[in-house]
Amino acid sequence: MRLDSSDASASGRERAYAASANAPAAQTPLGIEAAKANDGTGAPRLPHHRDLYYDGDWHVPDGGYADTFNPATGENLGLCAEANAADIDRAAQAAQRAFAAWRARPPQARAQVLHALAKRLREHADELAWIDAVNGGNPIAEMTGDVHAAAAQLDYFAGL
């Protein structure tokens, strides 16, 4: 089922979020704050935020929302943002604007940001791997390795 942004009212999105995530959780801009189900399993749950994140804020997508499914079980994981060309253009423009400030930062300051991001990925490796596994059907162990590989790449580029 696909919903256009004009069809997805805030209350409708909130209902979709509530259906796909047991209860609201504190979120980081990346939406990866530790979030455990309230059903006693302690299993990770899907992020509450399902909009697009760029330019330091969450944005309702012009492309609308679509259901996403666990390919292994067919379980509906809830609505996720679908970016269209206008969404992508706005995100690319925001990145271009941010580049000047990033470029002006001293290399050591940029390295600190990359190392902090790598640390954050490692701290949430299990949760990120679980999310990727239920969304993509890949083994959790493989996805955990991918998270650590991404963190290692950030550390590598921080050292250049």
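Presented here is an overview of the structure given in this document. Since this is a predicted model, take the numbers as computed values, not measurements. (Residues numbered from 1 in each chain as written. Predicted model: local features only at pLDDT ≥ 70, side-chain atom pairs only at ≥ 80, totals over all residues. Heavy atoms only, no water.)

### Describing the overall build of the protein chain
Selection criterion: Numbering of helices and strands starts at the N terminus; helices are DSSP runs of H or I of at least 4 residues and strands are runs of E of at least 2. Any two residues whose heavy atoms approach within 4.5 Å at even a single point are treated as in contact. Surface accessibility in these figures is a Shrake-Rupley result with a 1.4 Å probe; residues are shielded only by whichever protein chains are displayed.
Regarding its fold elements, the protein chain presents five helices and five strands. Long-range contacts, defined here as pairs at least 24 residues apart, represent 57% of the contacts in the protein chain between residues at least 6 apart. As displayed, the protein chain offers around 9,500 Å² of accessible surface, 55% of which is attributable to carbon and sulfur atoms.

### Comments concerning a nonpolar patch on the surface
The criterion, for reference: Candidates for patches are residues over 30% relative accessible area with no salt bridge; among them, like charges are joined within 9 Å and nonpolar side chains (Val, Leu, Ile, Met, Phe, Trp, Tyr) within 5 Å. In what follows, salt bridge is the name for a side-chain nitrogen of Lys or Arg lying within 4 Å of a carboxyl oxygen of Asp or Glu.
A cluster of nonpolar residues, Tyr-156, Phe-157 and Leu-160, forms a patch on the protein surface that exposes about 390 Å² of accessible area. Relative to the elements of secondary structure, Leu-160 occurs in the segment after helix H5 (140-158).

### Description of the packing of aromatic side chains
The description of two aromatic rings rests on the distance between their centres and on the angle between their planes. How we decide: To pair, rings of Phe, Tyr and Trp, with the six-membered ring standing in for Trp, must have centres within 6.5 Å; the planes then decide the type, stacked if under 30 degrees apart, edge-to-face if over 60, and tilted in the middle. Partly exposed describes any residue whose relative accessible area lies between the buried limit of under 20% and the exposed limit of over 50%, with all areas from a 1.4 Å probe on protein chains only and scaled to the type maximum.
Across all of its chains, the model carries two aromatic pairs by this definition. Geometrically, the ring pair formed by Tyr-53 and Trp-58 is edge-to-face, given 5.1 Å between the ring centres and 65° between the ring planes. Looking at Trp-58, the relative accessible area reads 22%, which means it is partly exposed.

### Let's talk about the packing of helix H3 (residues 107-123) against H5
Each packed pair of helices is defined by two parameters, the angle between the axes and the distance between the axes. We apply this condition: For helices, the axis comes from a line fit to the C-alpha atoms of the stretch in contact; other axes are also lines fit to C-alpha atoms, and the angle between any two N-to-C directions lies between 0 and 180 degrees. Here the angle decides the label: under 35 degrees means roughly parallel, over 145 means roughly antiparallel, 65 to 115 means roughly perpendicular, and every other value means oblique. Left-handed is the label given to a crossing in which the near helix is rotated counterclockwise from the far helix by less than a right angle, and right-handed is the label when the rotation is clockwise. Classification used: nonpolar for Ala, Val, Leu, Ile, Met, Phe, Trp, Tyr, Cys and Pro, charged for Asp, Glu, Lys and Arg, polar for all others including Gly.
At a minimum axis separation of 8 Å, H3 and H5 run at an interaxial angle of 165°. Comparing the axis directions of H3 and H5 gives the class roughly antiparallel. Of the two elements, H3 crosses H5, and the hand of that crossing is left-handed. Contact with H3, carried on its side by Ala-111, Leu-114, His-115, Leu-117, Ala-118, Leu-121 and Arg-122, involves Val-147, His-148, Ala-150, Ala-151, Ala-152, Leu-154, Asp-155, Phe-157 and Ala-158 of H5 and no other residues of that element. A class-by-class count of the residues in the contact of H3 with H5 yields twelve nonpolar, two polar and two charged.

### Thoughts on the environment of Asp-87
For clarity, the threshold we go by: Residues adjacent in sequence count toward polar contacts only when both atoms are side-chain atoms; beyond that, a polar contact is any pair of N or O atoms within 3.5 Å, and within protein one must be able to donate a hydrogen and the other to accept it.
Mapped onto the secondary structure, Asp-87 falls in helix H2 (residues 85-104). In this structure Asp-87 comes out as buried when scored by relative accessible area, which is 2%. The spacing of Asp-87 and Leu-52 is 35 residues in sequence and 8.4 Å in space, taken between C-alpha atoms. What Asp-87 contacts, discounting residues up to four positions off in sequence, is Leu-52, Tyr-54, Val-60, Pro-61, Asp-62, Gly-63 and Glu-82. Only 2.9 Å separates the side chain of Asp-87 from the backbone nitrogen of Asp-62, close enough to count as a polar contact.

### Comments concerning the pairing of strand S5 (residues 76-81)
On a regular strand, one side chain projects to one face of the sheet and the next to the other, so that they alternate. Quick reminder of the rule: Only strands that DSSP links by at least two bridges are regarded as paired with each other.
Taken together, the five bridges between strand S4 (residues 65-69) and S5 define a ladder with antiparallel strand orientation. Bridging across to S5, Ala-66 finds its partner in Cys-80. Where S4 folds back on S5, the antiparallel hairpin that results is connected by six residues, among which Gly-74 adopts a positive phi of roughly 80°.

### Overview of the pattern of salt bridges
Think of it this way: side chains of opposite charge can pair up when their charged atoms draw near. According to the stated counting rule, one finds five salt bridges in the structure shown. As a salt-bridge pair, Asp-62 and Arg-90 come within 2.8 Å of each other at their nearest N and O atoms. Remark: Arg-90 occurs in helix H2 and Asp-62 occurs in the loop between strand S3 (57-59) and S4; sequence separation between them is 28 residues. Taking the relative accessible area as the measure of exposure, Asp-62 reaches 39% and is therefore partly exposed. For Arg-90, a relative accessible area of 31% corresponds to the partly exposed category. One network of salt bridges, in which partners are shared, links Asp-62, Asp-87 and Arg-90.

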